[in-house]
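# Geometric and topological summary
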Amino acid sequence: MSDTRADKRGKPCRNWPHAIWQSGAVFLLAAAVGLLFNQFRPDGLPLVANWSMEAQLASAKPDENLTVSLEEAKALFVIRGALFLDSRSEEFYRLGHIAGARNLPWEDFENRFQDVMGDVPLETLIITYCDGESCSLSKDLALALLGKGYTEVRVLLNGWSLWKESHLPTGEE
């Protein structure tokens, strides 16, 4: 007995190549329709984009870039011209942080906001940081602070690593 199926007339069916071709055609048609709709939507997704943390911060406030360089942060630290906020968890903050920085973990933002920021005027220059080039905690914290009315908020990308590598003042608790 054969493994091939038979049609009504008893002849073996060999339609599987045709079915594969039809499936591929349906897939290509669906992809083309999706791309066409995306192209004409006012809020369509870019097909190629820069998804780096720096690009995300540059587009957060179209009129200004939210990032601050290590050199700028260091100069502000020396003259005490900014408040540094560590957005990492309390455990990591205790292991080491920028000297004088306050800890406002992004995960506990709403619960700790008033205790940490209650005495900070809205026009204070604030520099948020976390650790790692792909860490988004400092970006999220900066955007949340902007949402709370703080007007001068910047992000030091990969802040903790850069700060340590440059042998700048640190603290532990």
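Coordinates for the structure precede this section.
Below is a short write-up of the structure. All values reported here derive from a predicted model rather than from experimental measurement.

Reading the values: rules and limits
Residues numbered from 1 in each chain as written. Predicted model: local features only at pLDDT ≥ 70, side-chain atom pairs only at ≥ 80, totals over all residues. Heavy atoms only, no water. Core = buried A, V, L, I, M, F, W, Y, C linked by side-chain atoms within 4.5 Å. Buried < 20%, exposed > 50% of the residue type's maximum accessible area, 1.4 Å probe, protein only. Helix = DSSP H or I, 4+ residues; strand = E, 2+ residues; numbered from the N terminus. Contact = heavy atoms within 4.5 Å. Pairing = 2+ DSSP bridges.

Let us look at the nonpolar core. Within the largest apolar cluster, 18 residues are counted, with the highest numbers of intra-cluster contacts made by L85, L104, M117, I126, L145 and Y150. Listed by contribution, the elements that provide at least two residues to this core are β1 (83-86), α5 (109-117), α6 (137-147) and β5 (152-156). When residues of this core are assigned to their parent elements, the largest contribution, 5 residues, is made by α6. The contacts of L145, once residues within four sequence positions are left out, are L85, F109, F113, M117, I126, T128, Y150 and V153.

Before going further, it helps to spend a moment on the sheet that holds strand β3 (residues 102-103). The parallel open sheet is built from 4 strands, whose spatial order is β3-β1-β4-β5. Looking at which strands have only one partner, the edges of the open sheet turn out to be β3 and β5. Relative to β5, strand β4 (residues 125-129) is paired through 5 bridges, and the arrangement is parallel. The residue of β5 that forms the bridge with Y129 is L156.

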